[in-house]
Amino acid sequence: MYDYDLLVVGSANADLVISVERRPGAGETVLGSDLAVHPGGKGANQAVAAARLGARTALLARVGDDTHGRLLLDSQRTAGVDTAGVLVGGAPTGVALITVDPSGDNSIVVSPGANGQLTPADVRAAGGLLGASRVISAQLEIPLETVVEVVRNLSPDSRFVLNPSPPRPLPKEVLAACDPLIVNEHEAQVILGEDQTGEQPEDWARALLAQGPRSVVVTLGAQGALTADAHGVTRVPSVKVAAVDTTGAGDAFTAALAWKLGAGSALPEAAAYAARVGAAAVTKQGAQESYPTAPEVEAL
């Protein structure tokens, strides 16, 4: 028996959000809405999303001893996330500067802050937490060497899920542990680099699978997603909704997928559920505030 369905190892940021009619070009200034501050960060987002769906969830992250850090801790606890693994101090809390256009699309710049201070030693010190978790999810808003240490400290029966965002080339030992590796089009292209073959998402998925992951999921926005593993490539349809804000939707998708896989769902089934969760998330403003409960997903 595991104490947690999902342990998220990753970032926690304060999202500073401004809505704009259009994004500025180089050297250009545009006016936007009043500034809104939301709890965010890919790791913190995934933890909240999973907990709101009903998963027993814990977070291993680092925040600053400041107002933004307290905002993030409060959000986690309100959602029901175990924050025993959230370390405080070392640097100011990370910040994401986000602009959202009328279509709901966003552009994001992240200042890592305390996220950059989450070290391999922190992972080793949290060995009990890793051993108590059925699925461990990570992203790349924390140092890559910390993600490598997570892989090296996985228990034999646990499952590792990685969303390599922001993308960068990955060591073979990390790729080999991914089950699945979850990427969008841009992330797939960065990881594949010169090895990219073909123009269709199915081609990217097969090329990524050949690099060593046990399974791959490629998210395609309004076009849905596809899954790839030893059983082949499967298309997952999208759920049509009126998008308001796409911030954090990918994190909701990843969290839902990881939870369902840990519960025993097959990869295409888990991805179809995750697509519904991601669709529900884009119908509301913000990241964590937009995440649905399980009944809300079923009603979609």
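Notes on the structure follow. Since the model is a prediction, treat every value here as computed from it, not as a measurement.

Looking only at helices and strands, one finds eleven helices and 13 strands in the protein chain. A compact globule built from 300 residues should have a C-alpha radius of gyration of about 19 Å, and the protein chain, at 18 Å, falls within 12% of that. Put simply, the protein chain has 300 residues, and 54% of those count as buried. The contacts in the protein chain between residues at least 6 apart in sequence include a share of 65% that link residues at least 24 apart. Of the roughly 12500 Å² that the protein chain leaves accessible, carbon and sulfur atoms contribute 52%. The positive charge centre, built from 21 side chains, and the negative charge centre, built from 33, are 4 Å apart in the protein chain.

Moving on, we come to the side chain of aspartate 179. For aspartate 179, the location among the structural elements is in strand β10 (residues 178-183). Residue aspartate 179 is classed as buried on the basis of its relative accessible area of 15%.

Counting 43 residues, the largest nonpolar core has Leu53, Leu59, Phe253, Leu257, Tyr273, Val277 and Tyr291 as the members making the most contacts within it. Listing elements by their share of this core, those giving two or more residues are β1 (4-9), α1 (42-53), β4 (57-63), α2 (67-79), α9 (249-262) and α10 (267-281). The next biggest cluster of nonpolar side chains, apart from the first, holds 41 residues, and it includes Val148, Val151, Leu175 and Ala207.

Right, let's get into the sheet that holds strand β8 (residues 133-139). Across the sheet, nine strands lie side by side as β5-β4-β1-β8-β9-β10-β11-β12-β13; this open sheet has mixed pairing. Whereas interior strands pair on both sides, the edge strands pair on one side only; in this sheet they are β5 (86-88) and β13 (232-236). Neighbour to neighbour, the strand axes of the sheet diverge by 15° on average, direction disregarded. The sheet contact formed by strand β12 (residues 225-229) and β13 spans five bridges and is antiparallel. Note that in β13 the partner of alanine 225 across the bridge is valine 236.

Strand order in the open sheet formed by four strands is β3-β2-β6-β7, with mixed pairing between adjacent strands. Strand pairing shows two members of the sheet lacking a second neighbour, β3 (36-40) and β7 (106-111), which therefore form its edges. Adjacent strand axes in the sheet meet at a mean angle of 25°, parallel and antiparallel pairs treated alike. The pairing of strand β2 (residues 13-19) with β3 spans five bridges and is classified as antiparallel. In the sheet register, aspartate 15 faces β3, and the bridge partner there is histidine 38. Sitting on the sheet, α2 is in contact with β2, β3 and β6 (94-100), with an inclination near 55° to β3.

Here we take up the layout of surface pockets. Taken as a whole, the largest pocket holds about 1500 Å³ of empty space. Residue lining of the largest pocket: 50 residues in total, with Asn106, Asn184, Thr246, Ala249 and Gly250 positioned closest to the centre. Mapped onto the lining of the largest pocket, the elements with two or more residues apiece are β2, α1, β6, β7, β10, α7 (185-192), α9 and α10. The leading source of residues in the lining of the largest pocket is α9, at five residues.

This brings us to the environment of tyrosine 2. Positionally, tyrosine 2 belongs in the segment before β1. Of the residues examined, tyrosine 2 reaches a relative accessible area of 16% and is grouped as buried. Tyrosine 2 sits 210 residues away from glycine 212 along the chain, and the two C-alpha atoms are 27 Å apart.

This part is about the packing of aromatic side chains. Inspection of every chain in the model, using the stated rule, returns one aromatic pair. One cation-aromatic arrangement involves lysine 260 over tryptophan 259; the distance from NZ or CZ to the ring centre is 5.0 Å.

At their nearest, the axes of α1 and α9 sit 8 Å apart, and the two run at 55° to each other. The angle between α1 and α9 falls in the class oblique. In this structure, the crossing between α1 and α9 has a hand that is right-handed. Contacts between α1 and α9 involve Lys42, Asn45, Gln46, Ala49, Ala50 and Leu53 from the first element and Asp251, Ala252, Thr254, Ala255, Ala256 and Trp259 from the second.

Glancing now at the environment of threonine 219. Relative to the assigned elements, threonine 219 resides in strand β11 (residues 216-219). For threonine 219, a relative accessible area of 22% translates into the label partly exposed. For the pair threonine 219 and alanine 275, spaced 56 residues apart in the sequence, the C-alpha separation amounts to 8.9 Å.

With respect to the helices, strands and loops of the structure, glutamate 202 is situated in helix α8 (residues 201-209). A polar atom in the side chain of glutamate 202 sits 2.8 Å from the side chain of arginine 235. If we ignore the near neighbours within four places in the chain, the residues touching glutamate 202 are Leu226, Val233 and Arg235.

Rules behind the numbers
- Residues numbered from 1 in each chain as written.
- Predicted model: local features only at pLDDT ≥ 70, side-chain atom pairs only at ≥ 80, totals over all residues.
- Heavy atoms only, no water.
- Helix = DSSP H or I, 4+ residues; strand = E, 2+ residues; numbered from the N terminus.
- Rg over C-alpha atoms; globule rule 2.2 N^0.38 Å.
- Buried < 20%, exposed > 50% of the residue type's maximum accessible area, 1.4 Å probe, protein only.
- Contact = heavy atoms within 4.5 Å.
- Areas by Shrake-Rupley, 256 points an atom, 1.4 Å probe, with all protein chains shown as cover.
- Lys, Arg positive; Asp, Glu negative; His and termini not counted.
- Charge placed at Lys NZ, Arg CZ, Asp CG, Glu CD.
- Core = buried A, V, L, I, M, F, W, Y, C linked by side-chain atoms within 4.5 Å.
- Pairing = 2+ DSSP bridges.
- Axes fitted to C-alpha atoms, helices over the stretch in contact; angles between N-to-C directions.
- 1 Å grid on protein atoms, 1.4 Å probe; cavity = no way out; pocket = protein on both sides within 12 Å on 5 of 7 lines; lining within 4 Å.
- Points joined across faces, edges and corners; volume = space filled by probe spheres on them.
- Phe/Tyr/Trp six-rings, centres within 6.5 Å; stacked < 30°, edge-to-face > 60°.
- Lys NZ or Arg CZ within 6 Å of the ring centre and 35° of its normal.
- Parallel < 35°, antiparallel > 145°, perpendicular 65-115°, else oblique.
- Left-handed = near helix turned anticlockwise from the far one by under 90°.
- Polar contact = N/O pair within 3.5 Å; in protein donor to acceptor, adjacent residues only side chain to side chain.

Remember that the coordinates give geometry; whether it matters functionally is a separate question.
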